[in-house]
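# Architecture and fold: a report
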Amino acid sequence: MTDTDVVIIGGGPVGVALSIALKAQGLDSVVLEKEPDIYHLPRAIGMDEEIQRCVGSILGLDDEMQALLTPLTSAQFVDADHNRILGFDVPDDFVGRLGYAPMGMYYQPNLDALLRSAAKERGVDLRVSTEVTDLVDRGDHVEAVVGGDAAVRARWAVGCDGASSPTRKRLGITPIDQGFDQHW
């Protein structure tokens, strides 16, 4: 058994960023990630200025994050004949109200590596190749079962295991559809 404040199920950018933010608030966490390595392809590719502010200011990784980002200065939606339907252009040096470019593009495996490195430097317990097979509510704590009779005991558990979240499915939590209004 391991005692910690928070067990985080999923070691992607959300779970690892959470572990860094918790550490900054004096809370310990154990991050459990089933995969042995960072996924080699991007799933997310951009962050708006609010997320940039969070990674930069809240997590204390501003310089490192900025080195990974390329400001998005233009985006166009075109029809089959390449006629512009909708789009925007932003001056190269434009900075939004939060002090960042409105949108920064990045290669997710690089962001994942940055976050994991920062988490380890701050003393976060990040365990890869560790799949959670059950989550048990004991009333005053939870237990994340990681194989056989091994478990991580924590005050709280947070599922950060992606869109197809086995944690959410295991707990019978149905996702909330926010109602995307475009058909494409």
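Figured I'd write up the structure that's included with this text. (Residues numbered from 1 in each chain as written. Predicted model: local features only at pLDDT ≥ 70, side-chain atom pairs only at ≥ 80, totals over all residues. Heavy atoms only, no water.)

### What about the nonpolar core?
Under the convention used in this document: In plain words, nonpolar cores are sets of buried Ala, Val, Leu, Ile, Met, Phe, Trp, Tyr and Cys residues tied together by side-chain atoms within 4.5 Å. Categorising residues by exposure relies on relative accessible area from a 1.4 Å probe, with only protein chains included: less than 20% of the type maximum marks a residue as buried, more than 50% marks it as exposed, and the intermediate range marks it as partly exposed. Counting from the N terminus, the helices are the DSSP runs of H or I reaching at least four residues and the strands are the DSSP runs of E reaching at least two. Contact criterion: two residues are considered in contact whenever any of their non-hydrogen atoms come within 4.5 Å of each other.
Counting residues in each nonpolar core, the largest one holds 23 residues, and the members touching the most others are Ile20, Leu59, Leu61 and Leu115. Those elements that provide at least two residues to this core are strand E1 (2-9), helix H1 (13-24) and helix H4 (108-121). Per element, the largest residue contribution to this core is five residues, and it comes from H4. Other than its neighbours up to four places away in sequence, Ile20 contacts Leu59, Leu61, Leu115, Ala118, Ala119 and Arg122.

### Remarks on the environment of Thr167
Where we set the bar: Two N or O atoms count as a polar contact when they lie within 3.5 Å, although within protein this holds only if one can serve as hydrogen donor and the other as acceptor, and sequence-adjacent residues are included solely when both atoms are side-chain atoms.
Within the secondary structure, Thr167 is located in helix H5 (residues 166-171). A polar atom in the side chain of Thr167 sits 2.7 Å from the side chain of Asp161.

### Notes on the pattern of salt bridges
When their charged atoms lie close together, side chains carrying opposite charge are able to pair. What counts is decided by this rule: Note on definitions: salt bridges are taken to be side-chain nitrogens of Lys or Arg within 4 Å of carboxyl oxygens of Asp or Glu.
Within this structure, the stated rule accounts for seven salt bridges. The residue Arg84 makes a salt bridge to Asp89 at a minimum N-O spacing of 3.7 Å. Given a relative accessible area of 55%, Asp89 falls into the exposed group. The shortest N-O distance in the salt bridge between Asp125 and Arg127 comes to 2.8 Å. Since its relative accessible area comes to 25%, Arg127 is described here as partly exposed.

### Here's the deal with H1
As a reminder of what qualifies: Expected span of a helix: the number of residues minus one, times 1.5 Å.
Over its twelve residues, H1 extends 17 Å from the first C-alpha to the last, a length consistent with the 16 Å expected when each residue adds 1.5 Å. Gly15, Val16, Ala17, Ser19, Ile20 and Leu22 are the residues of H1 that are buried. Gly26 sits one or two residues past H1 and shows a positive phi near 85 degrees.

### Looking at empty space enclosed by the protein
What counts is decided by this rule: Both site types are read off a 1 Å grid over the protein atoms alone. A 1.4 Å probe that fits but cannot get out defines a cavity, while an open set with protein on both sides within 12 Å along at least five of seven lines defines a pocket; lining residues have an atom within 4 Å of a point. Grid points are joined across faces, edges and corners, and a volume is the space filled by probe spheres set on the points. Each residue is assigned to one of three groups, with Ala, Val, Leu, Ile, Met, Phe, Trp, Tyr, Cys and Pro labelled nonpolar, Asp, Glu, Lys and Arg labelled charged, and all others, Gly among them, labelled polar.
Under the defined criterion, the tally for this structure stands at one cavity of 30 Å³ or more. In this structure, the largest cavity spans a volume of roughly 30 Å³. Taken together, Pro71, Leu72, Thr73, Val90, Pro91, Asp92, Phe94, Ala101 and Pro102 form the lining of the largest cavity. Class assignment of the residues belonging to the lining of the largest cavity gives a composition of seven nonpolar, one polar and one charged.

### Let's talk about the environment of Phe88
Mapping Phe88 onto the fold places it in strand E6 (residues 84-89). If we ignore the near neighbours within four places in the chain, the residues touching Phe88 are Leu72, Thr73, Ser74, Ala75 and Gln76.

### Here we look at the layout of surface pockets
Approximately 780 Å³ is the volume attributed to the largest pocket. The wall of the largest pocket is formed by 31 residues, among which Gly12, Glu33, Cys160, Asp161 and Gly162 lie closest to the centre. Elements with a contribution of two residues or more to the lining of the largest pocket: H1, H4 and H5. Residues that form the lining of the largest pocket fall into these classes: twelve nonpolar, nine polar and ten charged. Its boundaries defined by the atoms lining it, the second largest pocket holds a volume of some 310 Å³. Looking at the lining of the second largest pocket, the elements with two or more residues in it are H1, strand E3 (46-48), helix H2 (49-58) and H4. Top element by residues in the lining of the second largest pocket is H1. It accounts for five residues. Across the lining of the second largest pocket, the residue classes tally to 15 nonpolar, one polar and no charged.

### Things to note about the sheet that holds strand E4 (residues 70-71)
Cut-off, in case you're wondering: The rule for pairing is simple: two strands pair if DSSP sees at least two bridges between them.
The sheet built from three strands is open, its strands ordered E3-E7-E4 with antiparallel pairing. Pairing within the sheet leaves two strands with one partner each, and these edge strands are E3 and E4. Alignment of E4 against strand E7 (residues 103-105), held across two bridges, turns out to be antiparallel. In the sheet register, Thr70 faces E7, and the bridge partner there is Met105.

Everything listed here is a matter of coordinates, which is why it stays silent on function.
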